[in-house]
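The chain contents come next:
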Amino acid sequence: MNHFEIREIPGKGRAMVATKNFQTNEIIFEEEPFVSKQFSWNAAYGYAACDHCMRPLETVLENVRRLASDPKVEVPLLQHDPTVSWVNQFTQCPRCKVRYCSEDCLMEAQKRYHRVACMGAFRADNTHPINVLNETWKKMHYPPETGTIMLIVRLMAMYQQSTKKEEFFEQLQSFQALIVNREQKIYHKMLGENFEHQMEQLYLAFCHAFQGEDFARFTTPDAFKTLMGIMGTNSQGIATSVLSQWVTIVSDLPLSDQEKVQLDQEIDNLYAKVGEFAGEFLNNEGSGLYLLQSKINHSCVPNACSTFPYSNDIVVLKALAPIQEGDEICISYLDECQLERSRHSRHKILCGNYIFICQCPKCRAQASDPDVTSDEEDDDDDEMDDYDDDDEMN
């Protein structure tokens, strides 16, 4: 039983409100995604992940050696590799060879979308319309990625395979609340200065990949823009890492002080080695749409946070502070460093990525602060001119 409800709050729109008291660190809910998919470039660079749940498909040793581009790197305490308990469950689709972490994920994928999404031998065919669409997207959207057209491809497969198409369509429409009349701002953010030309190219590739009456309701220009807007404003980033899981496990081992110092040094050395080659791109990364999580508004003083403790695409919402019955549950759409920046800086980021002006308690308390940002942001100052305080606020 959930202990919250989705309400309409005047001036804010939909919001999640607690219907009981929550203590700090208490789990508010866990949720599987409506849809999720690994980023296109992330997959192209060889980050091995379950095609259904995004669980890593490497041992920690394989992972570190690939990230460091060094087959001689060694990892201590391999008996605590988190893959040990499930590496033997890894499997794949017999037709297209797409990989899964378990037979359960393969069966769930077949049940929801993979019966129609399976490309068989065409998976390696660069001329196949789906691959052409993905390559078109990749040429427009280089890392670091914030979305992938393959998320929309999977939605199309889910729709085609669904036996309750109207129910599916209604669920998809529930993600639309924040994108009405704001499409161009979203596309500009996603595709850059040449977004109009790129959007046309992407749209033509999409229509070529999804021809026929089955997809007619999605292949009009407006419907495609809506799909892109949904992805641009509602998708939640997902990052899974067997290395970080291993670090968490071994850091909690009952070791002596000397052993802990030695382990910390070895961990630092591993991160240094993988950092030299992989930089900041250490994780399997992708995005997902979550029916519940997408209903949570932003606050610069959040009382909850979204976590991925199982190293897959299941999101767990936890309380960051005590939440009283009747309080709105809010998360931060910004990372910790961004939250520490000025009100003006935070508003620029939120407007650029999520198309709203924040009116949380912290922003209201800083309303009289000067509109200043750090030197590296000065070139972007005029972006704020595009937004009015009349916009819908979270």
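A short tour of the structure in this document, coming up. Nothing here was measured: the structure is a model prediction, and the numbers come from that model.

**Observations regarding the overall build of the protein chain**
Within the protein chain, the secondary structure is distributed over 14 helices and 12 strands. Within the protein chain, the proportion of its 394 residues that are buried is 49%. Sequence separation of 24 or more characterises 71% of the internal contacts of the protein chain that already satisfy a separation of 6 or more. Per element, the accessible surface of the protein chain, about 19700 Å² overall, is 48% carbon and sulfur.

**Thoughts on the packing of helix α5 (residues 149-161) against helix α9 (residues 221-234)**
Packing of α5 against α9 brings their axes to within 10 Å, and their N-to-C directions diverge by 120°. As for the relative orientation of α5 and α9, their crossing is right-handed in sense. Note on element contacts: α9 touches α5 through Phe224, Leu227, Met228 and Met231, opposite Ile149, Leu151, Ile152 and Met156. Tallied by class, residues from the contact of α5 with α9 come to eight nonpolar, no polar and no charged.

**Brief notes about α9**
An α-helical turn contains 3.6 residues, so any two residues separated by three or four positions project in the same direction. In a regular helix each residue adds 1.5 Å, so 14 residues correspond to 20 Å; α9 covers 20 Å between its end C-alpha atoms and thus fits that length. Counting buried positions along α9 yields 10 of 14 residues, so the element is predominantly enclosed. What α9 keeps buried is the set Ala223, Phe224, Thr226, Leu227, Met228, Gly229, Ile230, Met231, Thr233 and Asn234.

**So, the side chain of Thr240**
Following the sequence through the fold, Thr240 ends up in strand β7 (residues 236-240). In terms of polar contacts, Thr240 uses its side chain to reach the backbone carbonyl oxygen of Met54, at 2.8 Å. Leave out the neighbours within four places in its chain, and Thr240 touches Met54, Pro56, Asn283, Asn284, Ser311 and Asn312.

About the thresholds
Sequence order as written defines the numbering, with residues in each chain counted from 1. Predicted model: local features are reported for residues with pLDDT of at least 70 only, side-chain atom pairs are reported and counted for 80 or more only, and whole-chain, interface and lining totals are derived from all residues. Based on all heavy atoms of the structure, the side-chain values leave hydrogens and waters out of the count. Strands are runs of DSSP state E lasting at least two residues, helices are runs of H or I lasting at least four, and both sets are numbered from the N terminus onward. The cut-offs for exposure are 20% and 50% of the maximum accessible area for each residue type, with area from a 1.4 Å probe on protein chains only; residues under the lower value are buried, those over the upper are exposed, and the others partly exposed. Here a residue-residue contact requires only that any non-hydrogen atoms of the pair lie within 4.5 Å. Exposure was quantified through the Shrake-Rupley algorithm and a 1.4 Å probe, taking into account, for residues, occlusion by the shown protein chains and nothing else. Throughout, an axis means a line fitted to C-alpha atoms (over the contacting stretch in the case of helices), and angles, computed between N-to-C directions, take values from 0 to 180 degrees. Put simply, a crossing is left-handed when the front helix is turned counterclockwise from the back one by less than a right angle, and right-handed when it is turned clockwise. Gly is put with the polar residues, along with every residue not named as nonpolar or charged; the nonpolar set is Ala, Val, Leu, Ile, Met, Phe, Trp, Tyr, Cys and Pro, and the charged set is Asp, Glu, Lys and Arg. Helices are assigned an expected span. That span is 1.5 Å times one less than the residue count. In the analysis that follows, any N or O atom pair within 3.5 Å is treated as a polar contact, provided that within protein one partner can donate a hydrogen and the other can accept it, and provided that, for residues neighboring in sequence, both atoms belong to side chains.

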